[in-house]
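Listed below, chain by chain, are the residues.
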Amino acid sequence: MMDDTSAAYWRATLGLLVKVLVIWFVISFGAGILFAPALNSISLGGYPLGFWFAHQGSIYVFIALIFYYAKKMGDIDRQFDVHED
């Protein structure tokens, strides 16, 4: 049976994971596919914004999400004292 500390740790971990996956979905599927026609009226560097998100912007967001997840997961690990030395 899990105690309160481990339940809180997994709640925090799953909360972070859900946030990152929602951002990933909105940027990759939303900005690149669903909202592309609306975003294409805006131009970035000479290219329609929907096209830019589908091909380049999502990559930048994914890399930022990797660093954000690693930083926040380290913070959660330190908060619950399960970090590596």
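Throughout what follows, the structure given in this document is the object of discussion. (Residues numbered from 1 in each chain as written. Predicted model: local features only at pLDDT ≥ 70, side-chain atom pairs only at ≥ 80, totals over all residues. Heavy atoms only, no water.)

## Points about the overall build of the protein
A tally of helices and strands in the protein yields three helices and two strands. Each helix and strand of the protein, placed in order from N terminus to C terminus, yields the pattern α-α-β-β-α. Relative to its length of 85 residues, the protein is extended, with a C-alpha radius of gyration of 17 Å against a globular reference of 12 Å. Overall size of the protein, expressed as C-alpha extent along the three principal axes, is 55 × 25 × 15 Å. Evaluated residue by residue, the protein yields a buried proportion of 26% over its 85 residues. Nonlocal contacts in the protein, meaning residues at least 24 apart in sequence, comprise 57% of its contacts between residues at least 6 apart. (Helix = DSSP H or I, 4+ residues; strand = E, 2+ residues; numbered from the N terminus. Rg over C-alpha atoms; globule rule 2.2 N^0.38 Å. Buried < 20%, exposed > 50% of the residue type's maximum accessible area, 1.4 Å probe, protein only. Contact = heavy atoms within 4.5 Å.)

## Points about the packing of aromatic side chains
A complete count under the given rule lists six aromatic pairs for this structure. Between W52 and F53, the ring centres sit 5.4 Å apart and the planes meet at 75°, which makes this aromatic pair edge-to-face. F53 carries the same exposure label as W52, and that label is buried. Residues W52 and Y60 carry aromatic rings whose centres are separated by 6.1 Å and whose planes lie at 40° to one another, so their mutual orientation is tilted. Residue classification places Y60 among the exposed residues on the basis of a relative accessible area of 52%. Site record: aromatic cluster; members linked through ring pairs are Y9, W10 and F80. (Phe/Tyr/Trp six-rings, centres within 6.5 Å; stacked < 30°, edge-to-face > 60°.)

## Here we look at the nonpolar core
Core analysis: the largest hydrophobic core is formed by seven residues, namely Y9, L16, V20, L65, M73, I76 and F80. Only α1 (4-34) and α3 (49-79) provide two or more residues apiece to this core. Counting residues in hydrophobic clusters, the runner-up holds six residues, among them A31, L39, W52 and F53. (Core = buried A, V, L, I, M, F, W, Y, C linked by side-chain atoms within 4.5 Å.)

## Comments concerning unusual backbone geometry
With a phi angle near 55°, D81 is a residue other than glycine that sits in the positive phi range. Under the relative-accessibility criterion, D81 is labelled exposed at 59%.

## Quick notes on the environment of Q56
Considering the arrangement of structural elements, one finds Q56 in helix α3. For Q56, a relative accessible area of 41% puts it in the partly exposed group. Considered as a pair, Q56 and G32 are 24 residues apart in the sequence and their alpha carbons are 9.8 Å apart.

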